[in-house]
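Remarks on the overall topology
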Amino acid sequence: MKSWIEGAVRGEPDAYEHLVKQFRGMAHTVAFHILKDEFWAEDVVQEAFTEAFSNLNRLDKPEAFPGWFKVIVERQCYRWLRRKLHATIPVEELSHIHKEDQSNDPEQLMLLKEQNRMLHDLIGSLPSSMQLVVDMFYFKGYSLNEISDFLNVSISALKKRLFDARKKLRRHIPVADITSVFTNLYEGGEGMLHITNGDHAADRIRQSRIQGDVLVWRELYPFGPVSRDMAEQKKRSRRAAYLECELGIPQSVYLQIAELERKLQSLHKEKEIVLWFEYDLYDQTMLSYLLHFFQGQTLADTTLHLLCIDSHPEIEHFRGLGQLTPKQIGRLSGTWHVIGAEEMEAGRLFWEAYTSPNIQDHIEFLTKDTSAYPFAHTAFQAHLSRLPSIKNGLGIIEQTTLEAIREGIDHPYPLFKHVGDQLHWLGMGDLEYWAHLRRMSSEPNALLSVPAATRFPDFKQHSDEFRNAVLSITPLGIQVLNDEVDWATLRREEAWFGGLRNEAGKEPRWRWDDTSKRVIVLE
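Now for a quick tour of the structure. (Residues numbered from 1 in each chain as written. Predicted model: local features only at pLDDT ≥ 70, side-chain atom pairs only at ≥ 80, totals over all residues. Heavy atoms only, no water.)

1. Description of the side chain of Ser356
Where we set the bar: Each helix is a run of H or I in the DSSP string that is no shorter than four residues. Each strand is a run of E no shorter than two, and both are numbered from the N terminus. The definition of a polar contact used here is a pair of N or O atoms within 3.5 Å, where within protein one atom must be able to donate a hydrogen and the other to accept one, and adjacent residues in sequence count solely through side-chain atom pairs.
Summarising the element assignment, Ser356 is placed in the loop between α16 (341-354) and α17 (359-365). In terms of polar contacts, Ser356 uses its side chain to reach the backbone amide nitrogen of Asn358, at 3.0 Å.

This is the structure in structure tokens:
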């Protein structure tokens with residue numbers, strides 16, 4: 001959050017967007033609680049953000065933002081009420097409850113409408129402090145930590161409020177369908193933690209009302225230097241500097257990963273930990289790191305679970321958990337399995353091979369029995385396919401990109417979508433892909449030509465010029481694509497493939513043979 005505040009002070013649009021996304025729901029809950037009107041609440045929240053952003057330079061400590069912003073929201077509400085000079089209308093109906101189960105049956109719609117009205121009235125009858133927490137936790141999907149920061153109330157007190165609220169509601173709700181809304185909800189999911197790969201998936205898990213807190217693991221192991229011990233200070237600093245140079249991620253932002261790792265150190269206090277991941281290289285490197293880490297810990301009575309999928313019956317082209325609705329995520333609850341010793345060991349072996357600087361360790365991993373770790377072999381092959389090809393020195397990303405442009409897909413965002421779909425088993429994000437395009441268009445041996453004024457996006461900036469840019473293949477790119485020139489002998493920049501480092505200006509001694517799906521080591 002500190003980086004968002006600092007960015008907003010500097011006027012960075014992305015920082016404003018992060019703050020709005022994080023706090024809009026909580027602000028709306030507070031505003032609606034005071035005004036009892038959805039539309040008024042929306043207007044007040046907009047005014048509150050405007051006031052907050054114009055006064056950010058007055059905020060002494062970024063960590064004080066949640067409580068400070070709540071005061072601004074409340075003040076805007078009371079200003080609005082004074083302007084209106086008339087009473088507020090009754091509580092609106094919770095139209096989003098059971099929204100996905102609605103049908104075209106008029107009788108069923110009337111029943112749902114009455115149930116929603118009853119539930120809303122009952123929540124409105126709760127003490128004020130309980131109403132806020134129930135709405136934020138059960139219906140807005142915020143974690144207890146986030147609510148605690150915003151309301152300046154301890155987590156233990158919040159859990160007590162949720163427990164008491166559930167007890168009161170169950171006592172007075174006569175309709176079974178409404179009761180089921182709260183039947184499986186826990187006061188903060190005590191003793192259960194979910195770890196997943198990104199904010200989108202995390203939001204879906206929260207909104208699904210599955211019990212437990214959610215931790216987002218923020219790393220990008222397929223890009224840049226990695227090592228077996230990622231916490232070693234010198235190596236971490238080197239990685240932070242590399243990601244800032246190549247992707248524009250501020251070192252201060254990346255180094256927040258240290259705080260996540262400190263949280264891992266204390267996870268033996270949790271009764272259950274559920275790992276939510278997908279089949280691609282991006283997720284498998286993350287998962288293997290976590291399994292490697294947990295194998296070195298004393299977990300005591302903590303049980304580790306895993307949910308790792310590569311498809312979903314309701315999604316035609318499954319790419320990730322973020323595609324699923326909260327309801328679809330909710331149906332996955334309990335389908336995870338306990339991670340056994342063989343699976344844990346396979347995860348450790350994956351991480352150690354992936355981060356090794358010795359090419360033989362990478363080659364040997366593909367010969368091991370990884371059946372206990374279902375997506376390991378395919379993900380590791382995906383990793384090695386990024387190595388320079390034995391044919392022309394292009395990795396699979398460069399090869400697929402040039403072929404797509406030759407076919408006429410020459411604008412950056414359609415190109416990213418096409419290459420991402422073709423190479424979905426990499427799980428490549430946009431920042432990583434823009435870095436590849438930047439390298440491919442770098443002189444003196446550019447494969448791509450881009451308009452002179454075009455600035456490539458990174459973590460800090462985006463550009464309409466880039467969105468509208470037309471990419472073309474250079475004469476050298478055509479020669480390389482036709483296997484007439486070996487680009488690997490011309491590259492000048494440093495490149496990393498897991499623990500393998502291709503030094504700047506040196507020809508790599510290892511190549512990928514896509515025909516045989518194996519690594520060729522050159523003499």
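2. Notes on the side chain of Arg386
To keep things clear, this is the line we draw: Burial status follows relative accessibility: with a 1.4 Å probe on protein chains alone, a residue under 20% of its type maximum counts as buried, one over 50% as exposed, and anything between as partly exposed. A positive count includes Lys and Arg, and a negative count includes Asp and Glu. His and the chain ends are not counted in either. Throughout this description, the term salt bridge denotes a Lys or Arg side-chain nitrogen within 4 Å of a carboxyl oxygen of Asp or Glu. Should any heavy atoms of two residues lie within 4.5 Å, those residues are considered in contact.
Among the secondary structure elements, Arg386 is positioned in the loop between α18 (376-384) and α19 (396-406). One buried charged residue, Arg386, forms no salt bridge at all, with the nearest opposite charge on Glu432 at 4.4 Å. Among the polar contacts made by the side chain of Arg386, one reaches the side chain of His383 at a distance of 2.9 Å. Ignoring any residue separated from it by four or fewer positions in sequence, one finds Arg386 in contact with Pro222, Leu281, Tyr354, Gly395, Ile396, Ile397, Leu426, Glu432, Phe497 and Gly498.

3. A word on unusual backbone geometry
Cis geometry marks the peptide bond from Glu443 to Pro444, where omega comes out at 15°. In this structure, Pro444 sits in the loop between α21 (430-440) and β6 (448-449). Phi is positive for Lys517, which is not a glycine, with a value near 55°. Here Lys517 is to be found in the loop between β10 (510-513) and β11 (518-521).

4. Side note on the pattern of salt bridges
Counted according to the given criterion, the structure contains 19 salt bridges. With its nearest N and O atoms 2.4 Å apart, the salt bridge here joins Arg348 to Glu345. On the criterion of helical spacing, the pair formed by Arg348 and Glu345 is a turn pair, its members being three residues apart in helix α16. What makes Glu345 partly exposed here is its relative accessible area of 28%. The partner of Glu352 in a salt bridge is Arg348, with the nearest N and O atoms 2.8 Å apart. One end of the pair is Glu352 and the other is Arg348, both in helix α16 and four residues apart, which spans about a single turn.

5. Digging into the pairing of strand β3 (residues 272-278)
Quick reminder of the rule: Strand pairing is assigned whenever DSSP detects at least two bridges linking the two strands. With the strands aimed away from the viewer, a crossover counts as right-handed if its path from the first strand over the helix to the second runs clockwise.
Across the seven residues that make up β3, a large majority, six, are buried. Note: strand β1 (residues 192-196) against β3, four bridges, orientation parallel. Each residue of the ladder has a partner; that of Leu193, found in β3, is Ile273. With helix α14 (residues 281-295) bridging β3 and its parallel neighbour strand β4 (residues 303-309), the resulting β-α-β unit is right-handed.

6. Description of the nonpolar core
Definition in use: Residues grouped as a nonpolar core are buried Ala, Val, Leu, Ile, Met, Phe, Trp, Tyr and Cys residues, joined through side-chain atoms within 4.5 Å.
Counting residues in each nonpolar core, the largest one holds 108 residues, and the members touching the most others are Ile195, Trp217, Leu275, Trp276, Phe294 and Leu437. Considering every element that reaches this core, the biggest residue donor is α14, with nine residues. With residues near it in sequence (within four places) discarded, Phe294 still touches Ile195, Leu264, Leu267, Ile273, Leu275, Leu299, Leu304 and Met344. Formed by 45 residues, the second largest nonpolar core is a distinct cluster that contains Val20, Met130, Leu132 and Leu162.

7. Some points on the sheet that holds β3
Spelled out, the test is: Only the stretch in contact is used when fitting a helix axis, every axis being a line fitted to C-alpha atoms; angles between N-to-C directions are given from 0 to 180 degrees.
Strand order in this open sheet of five strands is β2-β1-β3-β4-β5, and the pairing throughout is mixed. The two strands at the open ends of the sheet, each matched to only one other strand, are β2 (213-216) and β5 (337-338). In terms of strand pairing, β4 meets β5 through two bridges, oriented antiparallel. Following the sheet pairing, Leu306 is matched in β5 by His337. Packed onto the sheet, helix α10 (residues 199-207) meets β1, β2 and β3 and runs at close to 175° relative to β2.

8. Topic: helix α7 (residues 144-151)
Judged by how many residues are buried, α7 sits mostly within the fold: six of eight residues are covered. Asn152 lies just past α7 and shows a positive phi near 60°.

9. Some points on α21
Burial analysis of α21 places nine of its eleven residues in the buried class, the great majority of the element. Restricting attention to buried positions, one finds in α21 the residues Leu431, Glu432, Tyr433, Trp434, Ala435, His436, Leu437, Arg439 and Met440. Packed against the buried residues of α21 are α11 (233-247), α19, α20 (412-422), β6, α22 (464-468) and β8 (495-497).

10. What to know about the pairing of β1
Within β1, five of the five residues are buried, which leaves it mostly tucked inside the rest of the structure. Alternating residues of β1 divide into Met192, His194 and Thr196 and Leu193 and Ile195, and every residue in both groups is buried. Bridging between β1 and β2 involves four bridges; their strand directions are parallel. For Thr196, the partnering residue across the bridge sits in β2 and is Val216.

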